[in-house]
Amino acid sequence: VQLQASGGGLVQAGGSLRLSCAASGSIFSIILMGWYRQAPGKQREFVASITTSTGMTNLEDSVKGRFTTSRDNAKNTVYLQMNSLGPEDTAVYYCYAEVAGPWRRYWGQGTLVTVSS
């Protein structure tokens, strides 16, 4: 499985960005896709995930009400819509995919989101 993330950039506080993550390769085995982020000097942290079959989502508490994640199975792509961005959201965002049989997690390259105050 290969993952290609895009959509990062510089935005002012209060603004919005939408990240995309396109999967290719053995996509039939993907059961879940999502996002982590890593701010400068901090550990990577979970942001959001979505199951590919049912579309069930999970969001980290600090982004609930501001971020949403969705999928387009026809395009093998998941999205992270980020609204009301603040400087605390500045980080490199990484998309990931989990496959079953056996379980494995794949990572895409990061995309940088910078929120200016």
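Let me sum up the structure you'll find in this document. (Residues numbered from 1 in each chain as written. Predicted model: local features only at pLDDT ≥ 70, side-chain atom pairs only at ≥ 80, totals over all residues. Heavy atoms only, no water.)

## Thoughts on the pattern of salt bridges
Phase 1 of the analysis: Throughout the structure, instances matching the rule amount to 5 salt bridges.
Phase 2 of the analysis: Across the pair Glu 45 and Arg 37 runs a salt bridge whose closest N-O atoms are separated by 2.7 Å.
Phase 3 of the analysis: Judged by its relative accessible area of 33%, Glu 45 falls in the partly exposed class.
Phase 4 of the analysis: Close ionic contact of Arg 37 with Asp 89 constitutes a salt bridge, the shortest N to O distance being 2.9 Å. Placement of the pair is Arg 37 in strand S4 (residues 30-38) and Asp 89 in the loop between strand S8 (77-82) and strand S9 (91-99), with a sequence separation of 52 residues.
Phase 5 of the analysis: Overall, Arg 37 belongs to the buried group, its relative accessible area being 5%.
Phase 6 of the analysis: Residues joined by salt bridges that share partners form a network here, namely Arg 37, Glu 45, Arg 66 and Asp 89. (Salt bridge = Lys/Arg side-chain N within 4 Å of Asp/Glu carboxyl O. Buried < 20%, exposed > 50% of the residue type's maximum accessible area, 1.4 Å probe, protein only. Helix = DSSP H or I, 4+ residues; strand = E, 2+ residues; numbered from the N terminus.)

## Some points on the packing of aromatic side chains
Phase 1 of the analysis: Within the structure shown, the criterion is met by 4 aromatic pairs.
Phase 2 of the analysis: On the numbers, 5.7 Å between centres and 80° between planes, the contact of Tyr 36 with Phe 46 is edge-to-face. Of this pair, Tyr 36 sits in strand S4 while Phe 46 sits in strand S5 (residues 45-51), placing them 10 residues apart in sequence.
Phase 3 of the analysis: Judged by its relative accessible area of 17%, Tyr 36 falls in the buried class.
Phase 4 of the analysis: Ring centres of Tyr 36 and Tyr 96 lie 5.3 Å apart, and the angle between their planes is 75°; on these two criteria the pair is classed as edge-to-face. Note that Tyr 36 is positioned in strand S4 and Tyr 96 in strand S9, a separation of 60 residues in sequence.
Phase 5 of the analysis: According to the relative accessible area criterion, Tyr 96 is buried, its value standing at 3%.
Phase 6 of the analysis: Put simply, the rings of Tyr 36, Phe 46, Tyr 96 and Trp 107 pair up and form one aromatic cluster.
Phase 7 of the analysis: Over the ring of Tyr 94 we find Arg 44; its NZ or CZ atom is 3.8 Å from the centre of that ring.
Phase 8 of the analysis: Lying over the aromatic face of Tyr 96, Arg 105 brings its terminal NZ or CZ to 4.4 Å of the ring centre. (Phe/Tyr/Trp six-rings, centres within 6.5 Å; stacked < 30°, edge-to-face > 60°. Lys NZ or Arg CZ within 6 Å of the ring centre and 35° of its normal.)

## Things to note about the sheet that holds strand S3 (residues 17-24)
Strand pairing in a sheet relies on backbone hydrogen bonds. The paired strands run either parallel or antiparallel.
Phase 1 of the analysis: Ordered in space as S1-S3-S8-S7, the 4 strands form an open sheet in which the pairing is antiparallel. Since the sheet does not close on itself, it has two edges, and those belong to strand S1 (2-6) and strand S7 (67-72), each with one partner. Direction aside, neighbouring strands of the sheet carry axes that sit 15° apart on average.
Phase 2 of the analysis: As paired strands, S7 and S8 are joined by 6 bridges and run antiparallel to one another. In the sheet register, Phe 67 faces S8, and the bridge partner there is Met 82. (Pairing = 2+ DSSP bridges. Axes fitted to C-alpha atoms, helices over the stretch in contact; angles between N-to-C directions.)

## Let's talk about the pairing of S8
Along a regular strand, successive side chains alternate from one face of the sheet to the other.
Phase 1 of the analysis: Within S8, 5 of the 6 residues are buried, which leaves it mostly tucked inside the rest of the structure.
Phase 2 of the analysis: Direction of pairing for S3 relative to S8: antiparallel, over a ladder of 6 bridges. In the strand pairing of S8, Leu 19 is matched with Leu 80.

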